[in-house]
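Fold and contact review
Each chain, written out:
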Amino acid sequence: MRELGTDVASVLAEVGARPEQVNDDAVRLEVPKQIRILKLASVELQDELLGFHLARNFDLREIGLVYYVIASSDRLADALLNVKRYSTIMNEGIRLNVRLDERAVAIAFDYVDIDRQSDRHQIEFWLVTLVRICRQVTDTRLAPRSLKFRHRRDETPAEMRSFFGCDVEFGADSDEVIFPAPVASLPIVGSDNYLNDLLLRYAEEALADRPQVRASLQSAIESVLPQLLPHAKVSASDVAQRLAISTRTLSRKLRDENVTFSEILEETRAALAKRYLAERDLPVTQIAWLLGYSEVSSFTHAFKRWTGMTPRQFR
């Protein structure tokens with residue numbers, strides 16, 4: 001943005017960020033602000049694939065400690081398990097889940113206390129970066145068997161299909177890249193057991209230094225609702241099942257937090273509705289579906305109750 005003469009300060013001010021937060025790598029920037037800055041930057045730069053372009057061109061060593069832990073591991077399977085454990089050192093808003101079995105190597109990204117529907121550039125950045133790392137440390141041109149994003153695009157951009165070497169599924173139920181099972185045993189070209197042992201100790205210390213924030217049940221519910229709403233699975237029992245607790249436990253813990261499930265559902269829907277309406281390319285009919293309404297009229301009635309306006313008036 002600076003290279004193109006864009007007023008960076010005004011963009012940062014719009015999300016409540018300061019220049020030193022993006023100038024100094026040692027300063028942490030909250031994940032929601034990262035997402036918002038990328039979104040605003042993509043508009044300023046007229047680049048709908050900003051996350052993809054940023055990930056494709058940066059020096060992977062800029063990731064720091066976690067990259068060198070990966071690059072010194074023995075096999076790709078070891079590297080992926082290491083990045084799963086230490087990913088929060090890089091970004092506390094994302095968790096990696098790695099599945100290794102005889103059928104596939106699957107790496108999925110989950111957002112923690114972040115509205116997934118608010119983002120497309122950061123998640124595209126991370127999946128491109130992950131594929132780049134796998135290719136670089138194995139010195140191969142690995143092609144995923146499949147690749148999925150939760151957000152929607154009308155079609156797969158040609159340069160994205162060319163980079164990944166496969167079709168990309170948008171509007172999926174997960175953010176995930178899947179490789180054929182044999183890639184797990186690929187050796188890391190820069191493997192160094194002594195260096196890896198040393199770096200793992202540093203990584204464990206860095207992980208221990210991260211603040212341990214115990215998330216409330218309300219925040220956990222708010223994080224899963226956007227995934228369940230489009231499938232009209234919005235009951236307390238559906239959410240409890242997703243959180244791997246009983247409905248009775250969910251109700252009891254919510255009482256302890258002095259909030260009800262219906263209040264969380266209503267507030268989350270209202271917040272999501274406003275955020276979705278800010279996305280000009282999302283039709284109101286699709287927003288109604290994303291919020292779990294079978295009829296646009298039901299969504300319109302609810303939105304007027306929240307804001308005193310119709311969705312189109314608000315937009």
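Residue numbers run consecutively from 1 along every chain, following the written order of its sequence. Where totals are concerned, whole chains, interfaces and linings use all residues; where local detail is concerned, this predicted model gives features only for residues with pLDDT of at least 70, and gives and counts side-chain atom pairs only at 80 or more. Side-chain metrics rest on all non-hydrogen atoms present in the structure, leaving aside hydrogens and water.

Some words on the overall build of the protein chain
The numbering of helices and of strands both runs from the N terminus, where a helix is a DSSP run of H or I of at least 4 residues and a strand a run of E of at least 2. Helices and strands together make up the secondary structure of the protein chain, namely 16 helices and 5 strands. Since a compact globule built from 315 residues should have a radius of gyration of about 20 Å, the 21 Å found for the protein chain is in line with a globular shape. Projected onto the principal axes, the alpha-carbon positions of the protein chain cover approximately 60 × 55 × 40 Å. Only protein chains enter the accessibility calculation, which uses a 1.4 Å probe; a residue is then buried when its area is under 20% of its type maximum, exposed when over 50%, and partly exposed in between. The 315 residues of the protein chain split such that 47% are buried. C-alpha atoms define the radius of gyration in this analysis, and the globule rule sets the expected value at 2.2 Å times the number of residues to the power 0.38.

Remarks on unusual backbone geometry
The phi angle at Gln46 is positive, at roughly 55°, despite the residue not being glycine. Tracing the sequence through the fold places Gln46 in the loop between helix H3 (31-44) and helix H4 (50-57). Unusually for a residue other than glycine, Asn258 sits at a positive phi of about 60°. Following the sequence through the fold, Asn258 ends up in the loop between helix H12 (247-256) and helix H13 (261-277).

A closer look at the pattern of salt bridges
Salt-bridge detection follows one rule: a side-chain nitrogen of Lys or Arg within 4 Å of a carboxyl oxygen of Asp or Glu. Tallied over the entire structure, the rule returns 16 salt bridges. In this structure, Arg36 engages Glu14 in a salt bridge whose closest nitrogen and oxygen atoms are separated by 3.7 Å. Remark: Glu14 occurs in helix H1 (residues 8-14) and Arg36 occurs in helix H3; sequence separation between them is 22 residues. You can call Arg36 partly exposed: its relative accessible area is 33%. A salt bridge links Glu266 to Arg305, with the nearest nitrogen and oxygen atoms 2.5 Å apart. On the criterion of sequence distance, the pair formed by Glu266 in helix H13 and Arg305 in helix H15 (residues 296-307) is long-range, its members being 39 residues apart. Residue Arg305 is classed as partly exposed on the basis of its relative accessible area, which comes to 48%. Residues joined by salt bridges that share partners form a network here, namely Arg99, Asp101, Arg103 and Glu176.

Description of the packing of helix H10 (residues 217-228) against H13
Axes here refer to lines fitted to C-alpha atoms; in helices the fit is confined to the stretch in contact. Angles between the N-to-C directions go from 0 to 180 degrees. H13 packs onto H10 with a crossing angle of 50° between their chain directions and a minimal axis gap of 10 Å. Taken as axis vectors, H10 and H13 run oblique relative to one another. Between H10 and H13 lies a crossing of right-handed hand. Facing H10, whose interface residues are Gln218, Ile221, Glu222, Leu225 and Pro226, H13 presents Phe261, Ile264, Leu265, Glu267, Thr268, Leu272 and Tyr276. Angle categories are assigned with fixed cut-offs, so that under 35 degrees is roughly parallel, over 145 is roughly antiparallel, 65 to 115 is roughly perpendicular, and the rest are oblique. Two helices cross in a left-handed way if the nearer one is turned anticlockwise from the farther one by less than a right angle. They cross in a right-handed way if the turn is clockwise. Contacts are residue-level and defined by heavy atoms, with any inter-residue pair within 4.5 Å sufficient.

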